[in-house]
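For reference, the chains in residue letters:
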Amino acid sequence: VHDTRSALGAFVNHVFPNQVHEICRLVGSKIKDLPRKQTGEDGPSSSRYEIGTSVYIENALSKSLKMVFLATTNVTGDEGIRCEAPNVFEAIRGLHRLMNSERLESVLLPVIGSGHGGLRPPTSLICMLIAFAESLRKPSGRHIKHVRIVVFQKDERGTAAITRWQARRLLAFVQRYC
């Protein structure tokens, strides 16, 4: 959340300037009671949250904003923070469960797992599109009206992580085959 080079960090720092620590405390208070999975290792980090675990915060710090913090990566001893393609599908399934339980009709989220997670942005986007297509076709997905995926670029002069051409091609593929 503190790293402004990640999509989450950039968003939180932009919307809540000088309040990142308060957001972390708020998320920490909500996540502490959620189930964790044992990793088989010893030490303080011997458990982790499952991919797709989500924390829902409504009206964070008195802003009329609904936020979801979604687990999308694993930490491994060999590679550090990683996100694999199956993680994206599992994360979207977790988000879909939360949207159902909270009756949320729309969601806006960045391309997940492509920052610190190391997944190539086009790979992440195609996985997200397929996962949302699967979710929206289920009876439990019929209430979802809008899904907006944001592709960031490092600065105004730089190129986006996914070009418009790539995004259109990936979207056309999912519309045709999913």
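That block above? That's the structure.
To start, this report covers the structure provided alongside it. None of these values were measured; they are calculated from a predicted model.

## Side note on the side chain of Thr53
Here is step 1 of the chain: With respect to the helices and strands, Thr53 occurs in the loop between β2 (47–48) and β3 (54–58).
Here is step 2 of the chain: A distance of 2.7 Å separates a polar atom in the side chain of Thr53 from the backbone oxygen of Glu50.
Here is step 3 of the chain: Look past the residues within four positions of Thr53 in its chain and what remains in contact with it is Leu34, Phe69, Leu70 and Ala71.

## Considerations on the packing of aromatic side chains
Here is step 1 of the chain: The tally for this structure, following the rule as stated, stands at one aromatic pair.
Here is step 2 of the chain: Ring centres 5.1 Å apart and planes at 45° place the aromatic pair Phe173 and Tyr177 in the tilted group. You can see Phe173 and its partner Tyr177 sitting in helix α5 (residues 164–177), four residues apart, about one turn around the helix.
Here is step 3 of the chain: Given a relative accessible area of 40%, Phe173 falls into the partly exposed group.
Here is step 4 of the chain: Here the basic side chain of Arg36 rests over the ring of Tyr49, its NZ or CZ set 4.4 Å away from the ring centre.

## Considerations on the pattern of salt bridges
Here is step 1 of the chain: Tallied over the entire structure, the rule returns three salt bridges.
Here is step 2 of the chain: Between Arg82 and Glu79 there is a salt bridge, with the nearest N and O atoms lying 3.1 Å from each other.
Here is step 3 of the chain: The class of Arg82 is partly exposed, set by a relative accessible area of 22%.
Here is step 4 of the chain: A salt bridge links Arg93 to Glu90; the shortest N-O distance between them is 2.9 Å. Taken as a pair, Arg93 and Glu90 lie in helix α3 (residues 85–102) at a separation of three residues, close to a single helical turn.
Here is step 5 of the chain: Judged by its relative accessible area of 28%, Glu90 falls in the partly exposed class.

## Description of the pairing of strand β8 (residues 146–150)
Here is step 1 of the chain: Where strand β7 (residues 106–110) lies against β8, five bridges are found, and the strand directions are parallel. Bridge pairing links Val107 to Val147 in β8.
Here is step 2 of the chain: This β-α-β element, β7 to helix α4 (residues 121–137) to β8, shows right-handed connectivity.

## Digging into α4
Here is step 1 of the chain: A rise of 1.5 Å per residue sets the reference length of α4, with its 17 residues, at 24 Å; its end C-alpha atoms lie 24 Å apart and thus fit the reference within 8%.
Here is step 2 of the chain: Across the 17 residues that make up α4, a large majority, 13, are buried.

## Here we look at the side chain of Asn100
Here is step 1 of the chain: Within the element layout of this structure, Asn100 appears in helix α3.
Here is step 2 of the chain: For Asn100, the side chain forms a polar contact with the main-chain oxygen of Ser140, separated by 3.3 Å.
Here is step 3 of the chain: Each residue touching Asn100, except ones within four places of it in the same chain, is listed here: Ser140 and His143.

## Quick word on the layout of surface pockets
Here is step 1 of the chain: Considered as a void within the structure, the second largest pocket measures approximately 240 Å³ in volume.
Here is step 2 of the chain: Of all the elements in the fold, those that place two or more residues in the lining of the second largest pocket are α4 and α5.
Here is step 3 of the chain: When residues of the lining of the second largest pocket are assigned to their parent elements, the largest contribution, four residues, is made by α5.
Here is step 4 of the chain: Looking at side-chain class alone, the lining of the second largest pocket contains seven nonpolar, one polar and two charged residues.

## Side note on the state of the cysteines
Here is step 1 of the chain: Summed over the entire model, instances satisfying the criterion amount to zero disulfides.
Here is step 2 of the chain: In this model Cys83 remains outside any disulfide bridge; the closest cysteine sulfur is found in Cys127, 8.4 Å from its own.
Here is step 3 of the chain: On the accessibility criterion, Cys83 (1% relative accessible area) is buried.
Here is step 4 of the chain: Of all cysteine sulfurs, the one in Cys127 lies closest to Cys178, which takes part in no disulfide; the gap is 11 Å.

## Some details on the packing of α4 against α5
The geometry of a pair of packed helices is captured by two quantities: the angle between their axes and the separation between those axes.
Here is step 1 of the chain: Where α4 meets α5, the axes come as close as 10 Å, and the angle between the chain directions of the two elements is 30°. Looking at the two axes, α4 sits roughly parallel to α5. When you trace α4 past α5, the crossing you get is right-handed. Facing Pro122, Leu125, Ile126, Leu129, Ile130 and Ala133 of α4, the residues of α5 in contact are Gln166, Ala167, Leu170, Leu171, Phe173 and Val174.
Here is step 2 of the chain: Across the contact of α4 with α5, the residue classes break down as 11 nonpolar, one polar and no charged.

Definitions and limits used
Residues numbered from 1 in each chain as written. Predicted model: local features only at pLDDT ≥ 70, side-chain atom pairs only at ≥ 80, totals over all residues. Heavy atoms only, no water. Helix = DSSP H or I, 4+ residues; strand = E, 2+ residues; numbered from the N terminus. Polar contact = N/O pair within 3.5 Å; in protein donor to acceptor, adjacent residues only side chain to side chain. Contact = heavy atoms within 4.5 Å. Phe/Tyr/Trp six-rings, centres within 6.5 Å; stacked < 30°, edge-to-face > 60°. Buried < 20%, exposed > 50% of the residue type's maximum accessible area, 1.4 Å probe, protein only. Lys NZ or Arg CZ within 6 Å of the ring centre and 35° of its normal. Salt bridge = Lys/Arg side-chain N within 4 Å of Asp/Glu carboxyl O. Pairing = 2+ DSSP bridges. Right-handed = clockwise from strand over helix to strand, strands pointing away. Expected span 1.5 Å × (residues − 1). 1 Å grid on protein atoms, 1.4 Å probe; cavity = no way out; pocket = protein on both sides within 12 Å on 5 of 7 lines; lining within 4 Å. Points joined across faces, edges and corners; volume = space filled by probe spheres on them. Nonpolar A, V, L, I, M, F, W, Y, C, P; charged D, E, K, R; others polar. Disulfide = S-S within 2.5 Å. Axes fitted to C-alpha atoms, helices over the stretch in contact; angles between N-to-C directions. Parallel < 35°, antiparallel > 145°, perpendicular 65-115°, else oblique. Left-handed = near helix turned anticlockwise from the far one by under 90°.

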